[in-house]
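These are the residues of each chain, in order.
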Amino acid sequence: MLVQQHGVKYLVQNRPEKPLNREELDAVYALPYAKTYHPIYESMGGIPAINEVKFSIVNNRGCFGSCSFCAITFHQGRAVQSRSHESILEEAKEITHLPDFKGYIHDVGGPTANFRGPACNKQVTKGACKNRQCLDPSPCKNLKVDHTDYIELLRKVRNVPGVKKVFVRSGIRYDYVMADKDNKFLRELIKHHVSGQLKVAPEHVAEEVLHYMQKPAGETYEKFRQKYFDINRQLGMNQYLIPYLMSSHPGSTLNSAIELAEYLRDIHYQPEQVQDFYPTPGTLSTAMFYTGLDPRDMKPVYVPKSREEKAMQRALLQFSQPRNYDLVHKALVEAGREDLIGFGPRCLIKPRGEFRDFGNSKGGNKGSKNGKGKKEANGNKGNSRDSRNSNNRKSSSRGNDTRNSGRNNGGKNSGRGKSSGKNSKRRPR
C-alpha cells in the first residue's frame, strides 16, 4: 500500500488483487450478461458502440507487453490469464442465438489477442520480474513463445454451428509472432481470421523513440511486414496492414517525426488519424512527460510539450493533407530539412506557391476521393523504401497502391479514426 499526503488529505493506493485463475475467470464470463445496453437508452437511439463489441469474445486478461504509454499493465497486470476453451465455446454458441447475429464473430481477443498464458514458468510461481521486461528490448530467453493453444481455440470457434467466420481484430503483438519459429499461426491468421486488414502497433520507426516506448526495434516491424505480405501472396490473398502510429512521445524530436514521415512516404501510407501523445495516469511515459527523466536510469529525456511542436509532429505524419502544409513546411525549415521541400521523388511537400495536390508530385501520396487515409496493399514488391508514384488506384492488388483506411471506427479526439472493417473495436498493443 502507498499513502501520500496532499495538504490535509491523503491519497491511498491499495495493493493490486491477485489475478483470477482460469476457473474464476470462466465463472465471471458465465454470468448472465444481457449483451446489450440498458433499455433506457432506446429512446435516445441506442448506443452505436455496442456494434463494435456485441459479437466479440474476450479470451484473456493482462499483458506482458509493457508498452511505456499503456496502462493495461496496471489495470489487469503483467500475468496473462485466459479462459478455457469450453467457456469461450459456450459464449460463441450463445452469440449464435442472438436475433441479429449474421454468422460473424468479430473478435476473439483481449488486450493482446495472441497471449494465452504466462510469459514464462517463473511468472507462474514468482510473478513478473521487477527489473526485466518480457519483450523489451528483445524477447527474454525464458519467454515461452507458443501459439498452439490459440490456433486450436480459433479452429474450434470457427467450427461452431452457425458461425461463418471468426475474426481477430483486437490486435496482435507482431514481435511475439516474429519470435515464433513456426509460421503456422501467421498463416492461419491470414487465411482465416483477417477481415481484409490486420492492425498492428509499431507506433514509430525512430530507434530513440522506440527505446522510450519500450517497443521493438523498427526492423522487427519491417520484417513482420514483409512476411505478412509474402504469406498473403503465397495464399493468393490481397489483405492490408494497418500500422498505428504515435506523435510527440517523450524522446521524439522534430527529426524523429521527420524520419517517420519519410518512412510513410516510402511505403505509400498516409494514416487518416494518428494518436498524439498525452499523459495518462500511472504510465512510465507520463512520468517522463512531467519530470523530463527516464525513471529507468534517471537520465534526461527530451519531451515535446509546446502546442506548436506537438502540432508540427502530428502534421508530419499526415504531410500530404493540404491543411497541414504550413505546419509541415515550418517543421522542415526549423529542422534544417529543406531538402524535403521540392519536386523530387523523395520530397514531402512542394515549395510555397507551387502547392496544388501532393498526389500529383512524383513519389507523392495522392489521397482518395473522400480525402481519407490509405493502407498498405498486399502487392508490395522489392525494397519498401523505394519511392514510387501511387496515383494508379486500379492496380492495388499488384503494386504499391493503397486504399482508404484509418484507425478504429468512430474516431475521437484521442486520435482514433475510421477503419474499413466496420466492426473493429480496440487498439492493439
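Peer 1: What am I meant to see in the packing of aromatic side chains here?
Peer 2: For any two aromatic rings, the description comes down to two numbers: the centre-to-centre distance and the angle of the planes. Under the definition given, this model contains 12 aromatic pairs. Ring geometry for Phe-64 against Phe-115: centres 3.8 Å apart, planes inclined by 15 degrees, an arrangement best described as stacked. You can see Phe-64 sitting in the loop between strand E4 (60-61) and helix H3 (72-76) and its partner Phe-115 sitting in the loop between strand E7 (107-109) and helix H5 (121-126), a full 51 residues away along the chain. In this pair, the class of Phe-64 matches that of Phe-115, namely buried. A ring pair is formed by Phe-289 and Tyr-290, whose centres lie 5.1 Å apart and whose planes are at 90 degrees; its orientation type is edge-to-face. Assessed through its relative accessible area of 13%, Phe-289 is described here as buried. An aromatic cluster is present here, built from Tyr-174, Tyr-221, Phe-224, Tyr-228 and Phe-229 joined pairwise through their rings. The aromatic ring of Tyr-278 is capped on one face by Lys-310, whose charged end is 4.3 Å from the ring centroid.

Peer 1: For this particular structure, what's the right way to read the nonpolar core?
Peer 2: Side chains of nonpolar character tend, in soluble globular proteins, to be buried together. With 64 residues, the main nonpolar core has Ile-105, Val-157, Ile-172, Leu-198, Phe-224, Leu-316 and Leu-332 as its most contacted residues. Here this core gets 7 residues from one element, more than from any other, and that element is helix H11 (residues 254-266). In contact with Leu-316, other than residues within four places in its own chain, are Leu-254, Ala-257, Ile-258, Ala-261, Val-328, Ala-331 and Leu-332.

Peer 1: Looking at this structure, how should I read the pattern of salt bridges?
Peer 2: Should the charged atoms of two oppositely charged side chains come close, the side chains can pair. On inspection of all chains with the given rule, the structure shows 19 salt bridges. Residues Glu-188 and Arg-158 are paired through a salt bridge, measuring 3.0 Å at the closest nitrogen-oxygen approach. Of this pair, Glu-188 sits in helix H8 (residues 184-192) while Arg-158 sits in helix H6 (residues 148-158); the two residues are 30 residues apart in sequence, bridging distant segments of the chain. Overall, the relative accessible area of 21% leaves Arg-158 in the partly exposed class. Here Arg-337 ties to Asp-339 by a salt bridge, and the two come within 2.9 Å at their closest N and O atoms.

Peer 1: Is there a simple way to explain the pairing of strand E2 (residues 9-13) in this structure?
Peer 2: Both faces of the sheet carry side chains from a regular strand, because those side chains alternate between them. Buried residues are scarce in E2, accounting for 0 of its 5 residues. Count of turn residues in the strand E1 (residues 2-6)/E2 antiparallel hairpin: 2 residues, of which Gly-7 carries a positive phi of about 65 degrees.

So, how was this worked out
- One numbering rule holds for all chains: residues counted from 1, following each sequence as written.
- Given that this is a predicted model, residues contribute local features only at a pLDDT of at least 70 and side-chain atom pairs are listed and counted only at 80 or more, while totals for whole chains, interfaces and linings are drawn from all residues.
- Based on all heavy atoms of the structure, the side-chain values leave hydrogens and waters out of the count.
- When two rings of Phe, Tyr or Trp (its six-membered ring) have centres within 6.5 Å they constitute a pair, described as stacked for plane angles under 30 degrees, edge-to-face for angles over 60, and tilted for the intermediate range.
- Note on conventions: DSSP H or I runs of at least 4 residues are helices, E runs of at least 2 residues are strands, and numbering of each starts at the N terminus.
- Exposed residues in this analysis have more than 50% of their type's maximum accessible area, buried residues have under 20%, and partly exposed residues fall in between, with area computed by a 1.4 Å probe over protein chains only.
- For a lysine, the NZ atom is tested; for an arginine, the CZ atom; a charge sits over a ring if that atom is within 6 Å of the ring centre and within 35 degrees of the ring normal.
- Only buried residues count toward a nonpolar core. Its members are Ala, Val, Leu, Ile, Met, Phe, Trp, Tyr and Cys residues joined through side-chain atoms within 4.5 Å.
- Here, two residues are considered to be in contact whenever any of their heavy atoms come within 4.5 Å of each other.
- The term salt bridge refers to a pairing of a side-chain nitrogen on Lys or Arg with a carboxyl oxygen on Asp or Glu at a separation within 4 Å.
- Should DSSP find at least two bridges between two strands, the strands are regarded as paired.

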